[in-house]
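Close look at the chain arrangement
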Amino acid sequence: LTSTAIALGLAITASAASADCDDGEMVIKFSHVTNTDKHPKGIAAELLRTRVNEEMDGTACMEVYPNSTLYDDDKLLEAMLQGDVQLGAPSLSKFETFTKVFRIFDLPFMFKNMEAVDAFQNSENGQEMMSSMERRGLAGLAFWHNGLKQFSANKPLLMPEDAEGLKFRVQPSDVLVAQMEAIGASPQKMAFSEVYGALQQGVVDGQENTWSNTLGQKYYEVQDGITETNHGLLDYMVVASVDWLDSLDDDVREQFLTILQEVTEERNAAIAEVDAAARQGVLDAGGTIRELTPEQREAWVEAMKPVWEQFTADVGQENIDAAQEINA
Ligand code: LMR
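Being a predicted model, the structure only gives us computed values, none of them experimental.

Some thoughts on helix H12 (residues 250–269)
- Between its terminal C-alpha atoms H12 stretches 28 Å, which fits the 28 Å expected from 20 residues at 1.5 Å a residue.
- Those residues of H12 not exposed but buried are Phe256, Ile259, Leu260, Val263, Arg267 and Asn268. Each buried residue of H12 sits inside an arc of 150 degrees when the element is viewed along its axis, so together they form one side. Those residues of H12 that are exposed and angled more than 90 degrees off the buried face are Asp250, Asp251, Glu254, Thr258, Gln261, Glu265 and Ala269.
- Against helix H3 (40–55), strand E2 (60–65), helix H6 (114–122), strand E4 (138–148), strand E10 (233–241) and helix H13 (271–284) lie the buried residues of H12.

Structure follows, in structure tokens:
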């Protein structure tokens, strides 16, 4: 970073970060789609970058490309398999073509809170899922938290019927398509980078996302309000290609994976704080948040939970049972 950039207080961008890379250092490009400020993924990626660049100086150098500046999520995994990018952390909904077991994370009302998500991911069942894409060339390295999702639309949503006939953007996941169809809405798969414009132009009426994405993408500007449904999960899998991982010297791989593990533990433990700050950020920015009565929430549960049956074979009854035991 030049002294001018520091004097101007510029945020560290990918190009500034790459200026830190020396000849002979292995460059690790980390591409993701969200913003960096007050965002769980942005914060975790930046911490990982800082630690790798300090502790592996001379050996490795990480560059982070946020905000879909390098790849959209739909291009990332192919680019990774080609060796054009080394690291990413797409949401668990974006691995459809690589594994079906992650569908458990999209099933509505599967986890009652983020502690339950954390416990499940760290259980034997959850840990086994990390290797579910290895035969397709992808190595799952860590689960990173974002949080539970909320619904928003261009009209108030208090009961599932309010969503009937509305068009909703969903991530590219068949579970999320089924979930929206269960409440009579019409789902449209769309890249994250296009959602704000689509809401603004009325291409879609509503969407579902976490507090940090609602804040980062300013959805509250183009929606009537956000309904606090906490109906589903949006979490991430940090991934690399098996080929890239295998190409590293044992000690380099071990050092890198240790740093990643420590960053994961530190940032996942802080998720409640980041999520609450983002929710507050939405309010501070003038967004409307609607809370549900227990009866209203129950109506959403009743409307959407039957979707589980359609996907039990994909995710495994034993995994659903394990998740529900943790919830109990
Ligand atoms: C989305 O597409 O809504 C999210 O997966 C974006 C993200 O990475 O949080």
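Focus on the site of the ligand
- For the ligand, the full set of nearby residues is Val33, Thr34, Ser91, Asn146, Gln171, Phe192, Asn209, Asn213 and Leu234.
- In terms of residue class, the shell around the ligand is built from three nonpolar, six polar and no charged.

What about the nonpolar core?
- Core analysis: the biggest nonpolar cluster contains 81 residues, and Leu48, Met62, Met237 and Val238 have the highest contact counts within it.
- A total of seven residues in this core trace back to one element, the largest contributor, which is E10.
- Setting aside its immediate chain neighbours within four residues, Leu48 contacts Met62, Ile259, Leu260 and Val263.

As for H6
- Among all positions in H6, only Val117, Phe120 and Gln121 are buried. Looking straight down H6, one finds that the buried residues subtend no more than 95 degrees of arc, so they occupy a single side.

Some remarks on the sheet that holds strand E9 (residues 225–228)
- Strand order in the open sheet formed by six strands is E7-E6-E8-E5-E9-E11, with mixed pairing between adjacent strands. Two strands bound the open sheet, and with one partner strand each, they are strand E7 (186–189) and strand E11 (289–291). Across this sheet, the average inter-strand angle for adjacent strands is 30 degrees, counted without regard to direction.
- Sheet topology note: the E9/E11 ladder contains three bridges and is parallel. Paired with Ile226 across the strands is Ile289, a residue of E11.

Re the pairing of strand E1 (residues 26–31)
- When E1 meets E2, the two strands line up parallel, connected through six bridges. Bridging across to E2, Ile28 finds its partner in Met62.
- Taken together, E1, H3 and E2 constitute a β-α-β crossover, and its handedness is right-handed.
- Both E1 and strand E3 (residues 87–88) contribute to a ladder of two bridges, which runs parallel. Paired with Ser31 across the bridge in E3 is Gly88.

Re the packing of H6 against helix H16 (residues 317–327)
- Taken N-terminus to C-terminus, the directions of H6 and H16 make an angle of 135 degrees; their axes are 9 Å apart at the nearest point. The angle between H6 and H16 falls in the class oblique. Here the hand of the crossing between H6 and H16 comes out right-handed. Facing Ala116, Ala119 and Phe120 of H6, the residues of H16 in contact are Ala322, Ala323, Ile326 and Asn327.
- Residue composition of the contact of H6 with H16, by class: six nonpolar, one polar and no charged.

Some details on the pairing of E10
- The element E10 is largely enclosed, with a buried count of nine among its nine residues.
- Alternating residues of E10 divide into Leu233, Asp235, Met237, Val239 and Ser241 and Leu234, Tyr236, Val238 and Ala240, and every residue in both groups is buried.
- Alignment of E4 against E10, held across eight bridges, turns out to be antiparallel. Counted as the bridge partner of Leu148 is Leu233 from E10.

What counts, and where the lines are drawn
Residues numbered from 1 in each chain as written. Predicted model: local features only at pLDDT ≥ 70, side-chain atom pairs only at ≥ 80, totals over all residues. Helix = DSSP H or I, 4+ residues; strand = E, 2+ residues; numbered from the N terminus. Expected span 1.5 Å × (residues − 1). Buried ≥ 20, exposed ≤ 12 C-beta atoms within 10 Å, placed from the backbone. Arc of directions from axis to C-beta. Contact = placed C-beta atoms within 7 Å. Near = placed C-beta within 6 Å. Nonpolar A, V, L, I, M, F, W, Y, C, P; charged D, E, K, R; others polar. Core = buried A, V, L, I, M, F, W, Y, C linked by C-beta atoms within 7 Å. Pairing = 2+ DSSP bridges. Axes fitted to C-alpha atoms, helices over the stretch in contact; angles between N-to-C directions. Right-handed = clockwise from strand over helix to strand, strands pointing away. Parallel < 35°, antiparallel > 145°, perpendicular 65-115°, else oblique. Left-handed = near helix turned anticlockwise from the far one by under 90°.

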